Amino acid sequence: MPRLARRITSTSAKDFGMFARAHGRGGDLIHLELGRPVEDTPAHIKEATIAALRAGHVHYSDLQGLPALRSALARRLAERDGLDYGPDEIIVTNGLTQGAFAAAMALLEEGDEAILIGPHYPQHVGKVELAGARVVLAATDAAAGFRLRPELIAAHVTDRTRAVFLVNPCNPTGRVYGRDELEGLARLAVARDLVVISDEVYADIVYDGARHVAIAGLPGMRSRTIGLHAFTKAYAMDGWRLGYIAADRAFTGALLKVTTNEVTHVNTFIQHGALAAVTGPAAVLEGLVDGDRRRRDLVVARLNQMPGVRCPAPEGAIYAFPDIRATGLSARDAALRILEETGVVVEAGSFYGPAGEGHLRICFGAEPEHRLAEAMDRLQAFFNRL
Ligand SMILES: Cc1ncc(COP(=O)(O)O)c(C=O)c1O
């Protein structure tokens, strides 16, 4: 067997959690473990893509992304988040995933440390490790509602720490971090010369008047934030693989070195679909988020009727993160038993690190309401039986 690169052999294998456990099983499984939008991509986005294909937009194009799309994205970030990026500070990527990889490769090297805030999004781990750096987990506390307290993160900063990965709104907890929480992190980043890699894939999916605050807009943060965004969740475009990075032009050249070596650029004609998404009617996006809100309300109300289960309403994203500690079951045992005994696939909170122990992550965005209701009936029977 030829020798493999150390960056590969020293990177942990990707863990697919309960999805892998459920794979290939027969029976009527209800999949609430994957964060996949249930809706179809809106028609005007598909039509714009088909039209671009028909018009012959099938060739190489701008390495950084179509200029018209980058301009529209810069305008959108200005309107939504009050940020002031130029089109030259936007890079269109293959989903948020490619942006996260580019950020890790551009910033981190052998011996560096990157902090992930726990419960953490597991797919960021591999990017840090492939860059040769080490993941350090900084846990937020369930008892304090997973509040982002700077001292929890500060305790893990060493002179090797280069970056903090922030996921806001948070997957898996559904927290939308408030301005005060983010200001605390921003002050720490400035004081300790850290870059915040800010995953904002759920920024458009917030409920009950919660407001998404982009950390890049806080004092001192424009020059030390790499903002990661995607069309994936809010526009129901997960299979399209479309996202973008917004970062100070001091980072752009380094990030492009990664993305252009990887894939040259993102598929030309789907970028026309992305342009239709950002410039299209706001009502379409609002309609999609309304659907998530309805599904959230259904799931949260039902979970709170189950013995031993307590579920605060998530402020954003598409996950309920119920606390099941009162049942005495570990998160993993509960998820495995739920799969075995009910055919409902949920993820164990511990899949998101030790900070998620005692919780389950239940995606309410991936199934229609009648299937969610069926899943809740099965879960109710399970918790009643315990
Ligand atoms: C927090 C977070 N970041 C990134 C992604 C992946 O985004 P994309 O499909 O755009 O690469 C997901 C998908 O579940 C996610 O939950």
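Below is a summary of the structure that appears in this document. (Residues numbered from 1 in each chain as written. Predicted model: local features only at pLDDT ≥ 70, side-chain atom pairs only at ≥ 80, totals over all residues.)

## Focus: helix 6 (residues 123-130)
Next up, step 1: Turning to helix 6, its buried residues are His 124, Val 125, Lys 127 and Val 128. Within helix 6, the buried residues cover an arc of 165° as seen down the axis, which keeps them to one side.
Next up, step 2: On its buried face, helix 6 is in contact with helix 5 (95-107), strand 3 (113-118), strand 4 (134-139) and strand 5 (161-167).
Next up, step 3: Just downstream of helix 6 lies Gly 132, where phi reads positive at about 95°. (Buried ≥ 20, exposed ≤ 12 C-beta atoms within 10 Å, placed from the backbone. Helix = DSSP H or I, 4+ residues; strand = E, 2+ residues; numbered from the N terminus. Arc of directions from axis to C-beta. Contact = placed C-beta atoms within 7 Å.)

## Things to note about the site of the ligand
Next up, step 1: Taken together, 13 residues sit near the ligand, with Gly 95, Leu 96, Thr 97, Ala 230 and Thr 232 positioned nearest.
Next up, step 2: For the shell around the ligand, the leading source of residues is helix 5, giving three residues.
Next up, step 3: Classifying every residue of the shell around the ligand by side-chain character gives five nonpolar, six polar and two charged. (Near = placed C-beta within 6 Å. Nonpolar A, V, L, I, M, F, W, Y, C, P; charged D, E, K, R; others polar.)

## Quick look at the sheet that holds strand 11 (residues 347-348)
Next up, step 1: Pairing within the open sheet is antiparallel, and its three strands lie in the order 9-12-11. Edge positions in the sheet fall to strand 9 (319-320) and strand 11, since each of these pairs with one other strand and no more. (Pairing = 2+ DSSP bridges.)

## Topic: unusual backbone geometry
Next up, step 1: Cis geometry is adopted by the peptide bond preceding Pro 119, which originates at Gly 118 and carries an omega value of 0°.
Next up, step 2: With respect to the element layout, Pro 119 can be found in the loop between strand 3 and helix 6.
Next up, step 3: At the junction of Asn 171 and Pro 172, the peptide bond is cis and its omega measures out at 25° in the coordinates.
Next up, step 4: Relative to the helices and strands, Pro 172 resides in the loop between strand 5 and helix 8 (179-191).
Next up, step 5: For Ala 236, which is not a glycine, the phi torsion comes out positive at approximately 55°.
Next up, step 6: Note on placement: Ala 236 falls in the loop between strand 7 (225-230) and strand 8 (243-247).
Next up, step 7: Exposure remark for Ala 236: the 22 C-beta atoms within 10 Å place this residue in the buried category.
Next up, step 8: In this structure, Thr 264 takes a positive phi of about 65° despite not being glycine.
Next up, step 9: With respect to the helices and strands, Thr 264 occurs in the loop between helix 9 (249-263) and helix 10 (268-279).

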